[in-house]
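# Examining the three-dimensional arrangement
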Amino acid sequence: MMTRLAVFIFWLLHFLPYRALIAIGNGLGALLFLLAKERRRVATINLQLCFPEMPETAREALVREHFKLFTRGVIERCILWWGSAARINSLIRVEGIEHFAAIKNQPSILLTPHFVGMDAGGQWIAQHADTVCMYANQKNQYMTALLLEKRARFGTQKLYSRQQGLRPILKGMRANMPFIYPPDQDQGIKDGAFIPFFGVPAATMASLPRIAQMTGAKVVPSITRMTDTGYVLTFYPAWENYPSGDDIADARRMNEFIEQRVLEMPAQYFWVHKRFKTRPEGEAKFY
């Protein structure tokens with residue numbers, strides 16, 4: 001009952017002007033910085049690991065800003081879930097659209113690392129292409145169903161749980177549906193390896209080059225940046241000589257690309273995620 005009431009209140013928010021949603025997101029983010037002690041600790045540890053030379057005051061300011069932007073991203077989903085296509089598109093400026101157009105009618109992978117604006121970029125993509133992607137089940141079945149419904153509200157989007165494996169993903173890709181792939185969270189090293197991320201060994205999936213090899217897919221990175229007036233979705237040129245035949249080198253290339261984007265907008269990366277949770281054998285845990 002409480003979940004459904006919260007969703008109803010969330011639905012009401014989409015009627016508000018965008019500036020009001022920004023203010024709500026910033027305000028709640030500032031409050032969460034104070035109350036969400038564990039996630040604040042995770043974000044601080046991540047920044048200590050990735051930017052050890054950053055002064056403590058600058059690091060704390062960055063964590064505060066991250067909480068505001070992260071919460072804004074959550075609040076602004078009300079528009080993505082219930083707003084009109086016209087309203088959503090009015091908030092998103094697209095750069096490099098020629099790189100998106102170039103991969104139509106062929107297998108492709110849209111590499112979408114975890115930045116706070118990624119859901120907005122995903123909704124723009126869904127309005128312009130039928131895609132395939134994977135999702136993680138929520139603890140609450142009602143929320144899982146709601147997330148699936150809202151992520152598939154435009155076009156014909158195929159969403160498969162991680163438990164279903166790669167087979168349906170590959171089938172969709174062979175039907176020329178772009179695979180939206182966020183590769184940069186810690187899922188262990190069963191299908192990956194420890195690859196440096198800002199100089200720290202991080203459990204990194206090696207599936208990107210393998211999927212590209214199996215399907216002949218082009219890999220086009222897509223990054224969404226949050227701004228004071230909405231979002232900027234940028235498509236980058238398809239990677240050349242990828243895969244290279246060396247999964248470790250290809251995974252390193254992916255991490256280095258993400259590092260470059262993080263340096264461009266450090267407050268917008270998902271620092272509240274335990275990116276370095278899995279450690280090499282014998283190494284102490286960070287969290």
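Let me sum up the structure you'll find in this document.

The rules we used
- Residues numbered from 1 in each chain as written.
- Predicted model: local features only at pLDDT ≥ 70, side-chain atom pairs only at ≥ 80, totals over all residues.
- Heavy atoms only, no water.
- Helix = DSSP H or I, 4+ residues; strand = E, 2+ residues; numbered from the N terminus.
- Rg over C-alpha atoms; globule rule 2.2 N^0.38 Å.
- Buried < 20%, exposed > 50% of the residue type's maximum accessible area, 1.4 Å probe, protein only.
- Contact = heavy atoms within 4.5 Å.
- Areas by Shrake-Rupley, 256 points an atom, 1.4 Å probe, with all protein chains shown as cover.
- Expected span 1.5 Å × (residues − 1).
- Phe/Tyr/Trp six-rings, centres within 6.5 Å; stacked < 30°, edge-to-face > 60°.
- Lys NZ or Arg CZ within 6 Å of the ring centre and 35° of its normal.
- Axes fitted to C-alpha atoms, helices over the stretch in contact; angles between N-to-C directions.
- Parallel < 35°, antiparallel > 145°, perpendicular 65-115°, else oblique.
- Left-handed = near helix turned anticlockwise from the far one by under 90°.
- Nonpolar A, V, L, I, M, F, W, Y, C, P; charged D, E, K, R; others polar.
- Pairing = 2+ DSSP bridges.

### Things to note about the overall build of the protein chain
- Within the protein chain, the secondary structure is distributed over 12 helices and nine strands.
- Rg of the C-alpha trace for the protein chain: 19 Å, near the compact-globule value of 19 Å for 287 residues, within the 12% margin.
- Counting only C-alpha atoms, the protein chain reaches 50 × 45 × 35 Å along its principal axes.
- Counting every position in the protein chain, which comprises 287 residues, the buried fraction comes to 49%.
- Considering only contacts in the protein chain between residues 6 or more positions apart, those separated by 24 or more positions represent 78%.
- Total accessible area on the protein chain stands at roughly 14,100 Å², and carbon and sulfur atoms take up 55% of it.

### Some points on helix 4 (residues 56-75)
- Relative to the 28 Å expected for 20 residues at 1.5 Å per residue, helix 4 spans 29 Å between its end C-alpha atoms, a close match to the ideal helical length.
- Those residues of helix 4 lying buried are Arg59, Leu62, Val63, His66, Phe67, Leu69, Thr71, Arg72, Gly73 and Ile75.

### What about the packing of aromatic side chains?
- Applying the stated criterion across every chain, the model contains 22 aromatic pairs.
- A centroid spacing of 5.0 Å and a plane angle of 55° characterise the contact between phenylalanine 51 and phenylalanine 198, whose relative ring orientation is tilted. With phenylalanine 51 in the loop between helix 3 (37-50) and helix 4 and phenylalanine 198 in the loop between strand 6 (192-197) and strand 7 (200-205), this residue pair connects regions lying 147 residues apart in the sequence. By the burial criterion, phenylalanine 51 is buried, and phenylalanine 198 matches it.
- What links up through ring pairs into an aromatic cluster is the set Phe51, Phe115, Phe197, Phe198, Tyr269, Trp271, Phe276 and Phe286.
- The positively charged end of arginine 40 is found above the aromatic ring belonging to phenylalanine 33, 5.4 Å away from the centroid.

### Thoughts on the environment of phenylalanine 51
- Residue class for phenylalanine 51 comes out buried when judged on its relative accessible area of 14%.
- Expressed as a C-alpha distance, the spacing of phenylalanine 51 and phenylalanine 198, which sit 147 residues apart in the sequence, is 7.8 Å.
- Apart from residues lying up to four places away in sequence, phenylalanine 51 is in contact with Arg59, Phe198, Val262, Leu263 and Trp271.

### Some remarks on the packing of helix 3 against helix 4
- The N-to-C vectors of helix 3 and helix 4 enclose an angle of 130°; their axes lie 10 Å apart at closest approach. In this view, helix 3 runs oblique relative to helix 4, as classed from their interaxial angle. Handedness of the helix 3/helix 4 crossing: right-handed. Within the contact between the two elements, helix 3 uses Arg39, Arg40, Ala43, Thr44, Leu47 and Gln48 and helix 4 uses Arg59, Leu62, Val63 and Phe67.
- Counted by class, the contact of helix 3 with helix 4 contains five nonpolar, two polar and three charged residues.

### Observations regarding the sheet that holds strand 2 (residues 108-111)
- Taking strand neighbours across the sheet as the criterion, the seven strands line up as 1-9-8-2-5-3-4 in an open arrangement whose pairing is mixed. In this open sheet, the two strands that pair with only one neighbour each are strand 1 (92-95) and strand 4 (158-161). Across the sheet, the axes of successive neighbouring strands diverge by a mean angle of 25°, strand direction being ignored.
- Relative to strand 9 (residues 231-235), strand 1 runs parallel, the two sharing four bridges. Bridged to valine 94 within strand 9 is leucine 233.

### A few points about unusual backbone geometry
- The omega angle of the peptide bond from tyrosine 242 to proline 243 is 5°, so this bond is cis rather than trans.
- Its place among the elements puts proline 243 in the loop between strand 9 and helix 12 (247-264).
- With a phi close to 70°, asparagine 176 is a non-glycine residue in the positive phi region.
- Summarising the element assignment, asparagine 176 is placed in the loop between helix 10 (167-174) and strand 5 (179-181).
- The phi angle at asparagine 241 is positive, at roughly 55°, despite the residue not being glycine.
- Relative to the helices and strands, asparagine 241 is located in the loop between strand 9 and helix 12.
- Judged by its relative accessible area of 68%, asparagine 241 is exposed.

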